[in-house]
Amino acid sequence: MKTQALHIKGTAVLDTMEAIKARAGKEELERIFAHLDEQTREILQPPISPSSWYSCAAFARFLEADIRETAGGNAEELIKRAEIVIAKQLTGIYKIFVKLGSPEFVIRRIAAVHSTYFDGVQIIPEMEGPHSARIQYVGFSREHRIMGFVILGFFKKALEISGAKKVDVHFTVPTEAGEKFCELALLWE
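Sequence order as written defines the numbering, with residues in each chain counted from 1. Local features in this predicted model are restricted to residues of pLDDT 70 or higher, and side-chain atom pairs are both shown and tallied only at a pLDDT of 80 or more, whereas totals for entire chains, interfaces and linings draw on every residue. For side-chain calculations, the full set of non-hydrogen atoms in the structure is used, while hydrogens and water are omitted.

S.K.: I would appreciate a short explanation of the overall build of the chain in the present structure.
M.R.: Elements are defined by DSSP. Helices are runs of H or I of four residues or more, strands are runs of E of two residues or more, and each kind is numbered from the N terminus. Summing up its helical and strand segments, the chain has 8 helices and 7 strands in all. Whereas a compact globule of 189 residues would reach a radius of gyration of roughly 16 Å, the chain reaches 16 Å, a difference of no more than 12%. Counting only C-alpha atoms, the chain reaches 50 × 40 × 30 Å along its principal axes. Counting every position in the chain, which comprises 189 residues, the buried fraction comes to 43%. Only heavy atoms matter for contacts: two residues are in contact if any of them lie within 4.5 Å across the pair. The long-range fraction of contacts in the chain, counting pairs at least 24 apart against all pairs at least 6 apart in sequence, stands at 65%. Of the roughly 9800 Å² of accessible surface on the chain, 54% is carried by carbon and sulfur atoms. Between the centroid of the 24 positive side chains of the chain and the centroid of its 25 negative side chains there is a distance of 4 Å. Between the two quantities, the radius of gyration covers C-alpha atoms and the globule rule is 2.2 Å times the number of residues to the power 0.38. Exposure categories follow from relative accessible area, calculated using a 1.4 Å probe and restricted to protein chains: below 20% of the type maximum is buried, above 50% is exposed, and the middle band is partly exposed. For the accessible areas, the method is Shrake-Rupley and the probe is 1.4 Å, while residue cover comes only from the protein chains on display. Positive charges come from Lys and Arg alone, negative charges from Asp and Glu alone, with His and the N- and C-terminal ends not counted. Taken as the charge location is NZ of Lys, CZ of Arg, CG of Asp or CD of Glu.

S.K.: Even after reading the chapter, I still don't get the sheet that holds strand E2 (residues 53–55), so can you show me in this structure?
M.R.: To summarise the sheet geometry, strands pair through backbone hydrogen bonds and adopt either a parallel or an antiparallel arrangement. With respect to topology, 3 strands assemble into an open sheet ordered E2-E1-E3, the strand pairing being antiparallel. What marks the edges here is a single partner per strand, and that holds for E2 and strand E3 (118–119). Relative to E3, strand E1 (residues 7–9) runs antiparallel, the two sharing 2 bridges. The residue bridging His7 from the neighbouring strand is Asp119, located in E3. Against the sheet, helix H1 (residues 10–24) contacts E1 and E2, and its axis sits at roughly 70 degrees relative to E1. A pair of strands is treated as paired once DSSP finds two or more bridges between them. Lines fitted to the C-alpha atoms define the axes, with helices restricted to the stretch that makes contact. Angles between their N-to-C directions range from 0 to 180 degrees.

S.K.: Could you clarify how one ought to interpret the sheet that holds strand E4 (residues 122–129) in this entry?
M.R.: Pairing is antiparallel in the open sheet, where 4 strands are placed in the order E4-E5-E7-E6. Each of the sheet's edge strands pairs with one partner strand only, and the pair in question is E4 and strand E6 (168–173). On average, each strand axis in the sheet is inclined to that of its neighbour by 20 degrees, with strand direction left out of account. Across the sheet, helix H8 (residues 147–161) lies against strand E5 (132–138), E6 and strand E7 (181–187), angled at about 145 degrees from E6, the strand it touches most.

Here's what the structure looks like:
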């Protein structure tokens, strides 16, 4: 059975490439591209259109190459890098909404925003109590494993910006488990 092709919005691809250039320069981005297979290079070669859709599998391969080449293969580094990207994205008016919003509001809002960034992925947020939630991402497969680290970073930083303390964000069902969905657990004070 063939799985549906998943896509990611060009904005997310652009933000990632811009973050790499800001962190280490254009040469670093070029070095990562040099370690990609030809098909992935063709798919993600700039210029990237913010409103276009790109292969999520190709983007995952790009992130894998980034981590392999710039973080010694430590995928946990993507959590920190995603936190930097979301902090930048949540500037101006958006930051005010996050700061004034409760963690519950932020969780629902990010889940809604993620649904506009991913085509072919269903996102189901469920509040479990005043300080916990679960979010299911239906549609990712094992090849998208690295996307989990990005998702962890986004939720962790957004919850912290909203005033949550002692934030714990982890997968109870990881993407690499090969289930029909992956599930994220969020806890905070």
